[in-house]
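Take a look at the letters that make up each chain.
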Amino acid sequence: MKPPAPIAMLAELTHRCPLSCPYCSNPVELTRQNAELDTQTWARVFREAADLGVLQLHLSGGEPASRRDLTELVIAAREAGLYTNLITSGIGLTQKRLGELDAAGLDHVQLSLQGTNPEMADEIGGYNGGFKRKMQVAEWIGAIGFPLTLNAVLHRRNLHQLPRALEMAQEMGARRIEVATVQFHGWALKNRDALMPTRAQAQEANRIVAEARKQLTGTLVIDYVPADYHEDYPKRCMGGWGTSGFNVIPDGQVLPCHAAQSIPHLTFDRVQDKSLGDIWYKGEAFNAYRGTEWMAEPCQSCERKTIDFGGCRCQALAIVGDASATDPVCIKSPHHGALQAQADTHAAQVDAPLVYRTFPGKETEPAE
Ligand code: SF4
Ligand code: FES
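Here the structure is a predicted model, which means the values were calculated and not measured.

Engineer: Any chance you could explain the environment of Asp351 here in plain terms?
Structural biologist: Relative to the assigned elements, Asp351 resides in the segment after helix H13 (336–347). Residue Asp351 is classed as exposed on the basis of its 6 C-beta neighbours within 10 Å. It is 25 Å that separates the C-alpha atoms of Asp351 and Asn206, two residues lying 145 residues apart in sequence.

Engineer: Would you mind showing me how to read the UniProt feature "binding site: [4Fe-4S] cluster" (unreviewed entry) in the protein here?
Structural biologist: UniProt marks Cys17, Cys21 and Cys24 with the feature "binding site: [4Fe-4S] cluster" (unreviewed entry), using the numbering shown here. With respect to the secondary-structure elements, Cys17 resides in the loop between strand E1 (8–12) and helix H1 (39–52). When the 26 C-beta atoms within 10 Å are taken as the criterion, Cys17 is described as buried. Each residue touching Cys21, except ones within four places of it in the same chain, is listed here: Gln114, Ile124, Gly125 and Arg357.

Engineer: Any chance you could explain the site of ligand 1 here in plain terms?
Structural biologist: Close to ligand 1 lie 14 residues; Cys299, Cys302, Arg304, Lys305 and Cys330 are nearest. Class assignment for the residues of the shell around ligand 1 results in six nonpolar, three polar and five charged.

Engineer: Quick question: what am I supposed to make of the environment of Leu159 here?
Structural biologist: By the secondary structure assignment, Leu159 is in the loop between strand E5 (148–154) and helix H6 (162–171). With 23 C-beta atoms packed within 10 Å, Leu159 lands in the buried category. Once the C-alpha coordinates of Leu159 and Asp102 are considered, the two residues, 57 residues apart in sequence, prove to be 33 Å apart. Not counting residues within four places of it along the chain, the set of residues in contact with Leu159 comprises Leu154, Pro197, Gln201 and Ala205.

About the criteria used
- Residues numbered from 1 in each chain as written.
- Chains lettered and ligands numbered in written order.
- Predicted model: local features only at pLDDT ≥ 70, side-chain atom pairs only at ≥ 80, totals over all residues.
- Helix = DSSP H or I, 4+ residues; strand = E, 2+ residues; numbered from the N terminus.
- Buried ≥ 20, exposed ≤ 12 C-beta atoms within 10 Å, placed from the backbone.
- UniProt positions renumbered as here; feature names shortened; annotations may be inferred.
- Contact = placed C-beta atoms within 7 Å.
- Near = placed C-beta within 6 Å.
- Nonpolar A, V, L, I, M, F, W, Y, C, P; charged D, E, K, R; others polar.

Given below as structure tokens:
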């Protein structure tokens, strides 16, 4: 049976970023600026994505504002008929630049929040003055009237700020908040000791989100990614492998999920060599874990196998050493108990230092 067409594309325009967040999910090996796709190639890829059935384009990074041609890219995406969402820390965006993005037709902004006050936000982002600039950018976003989603990344250090993050989303006029407990992929794997929430924090976050969802129905939509090491069932990662979306990374490789390069036996096609349609339907990486046939037990005979598709392949690889294993978050996995014990051990490392995201040639282009 032919797989469904994708509906979403995440374009990682660049790995460059002014922040140094320890929870960064970009890979440990980053793409350098001189290997990034150029404007024309991205524009062609946007057209191919629209032809393939993609409706939503998420412009991400790194920090997408680090690309000087961001406005041109938005124009190209809108010309292709895509709904455009800019995922940004706000650093590198000026009032003038936001006005240009508005004129270019940008549909939506998703602003990340590292903390709800300068002390927390600037420490986590590794960028002095970042919170102040972000709040200024939030004001400009509100003045232009962009639909806004706030993306609060939470972990052991800042989970107590969740109630304030929910208030801030309302004060900023956001229609949606993504409460994303840190997922341990890429660079973030180095920071499990520093960032792993305690079980009590994870449970408290579940309670706060459930209550807020009741109270804020019709006012604020809350998307929630729980602290999955402390859960009993895994997340449906990427909506199911090769089911609804894909990522194009700065050098043109097309990935089924943002951490797929951590699975060593997979090879990834590039937009320079093949059409997106060929890559989506026929690519080896996309077919490796598509559907349910690849599953072993206990997933193969489980009634939830088309609900969560066995969880996250990258997490299975990272923790069990086998990308086709049941995600160890699942209570039916033989590794579930060990994972929960491991989570408690990480969460008990109260003095663990933050390991900041760094890379050679780290830079962002100056704001105009
Ligand atoms: Fe999901 Fe597999 Fe666990 Fe069933 S056994 S709940 S399919 S991860
Ligand atoms: Fe790769 Fe979940 S991050 S499948």
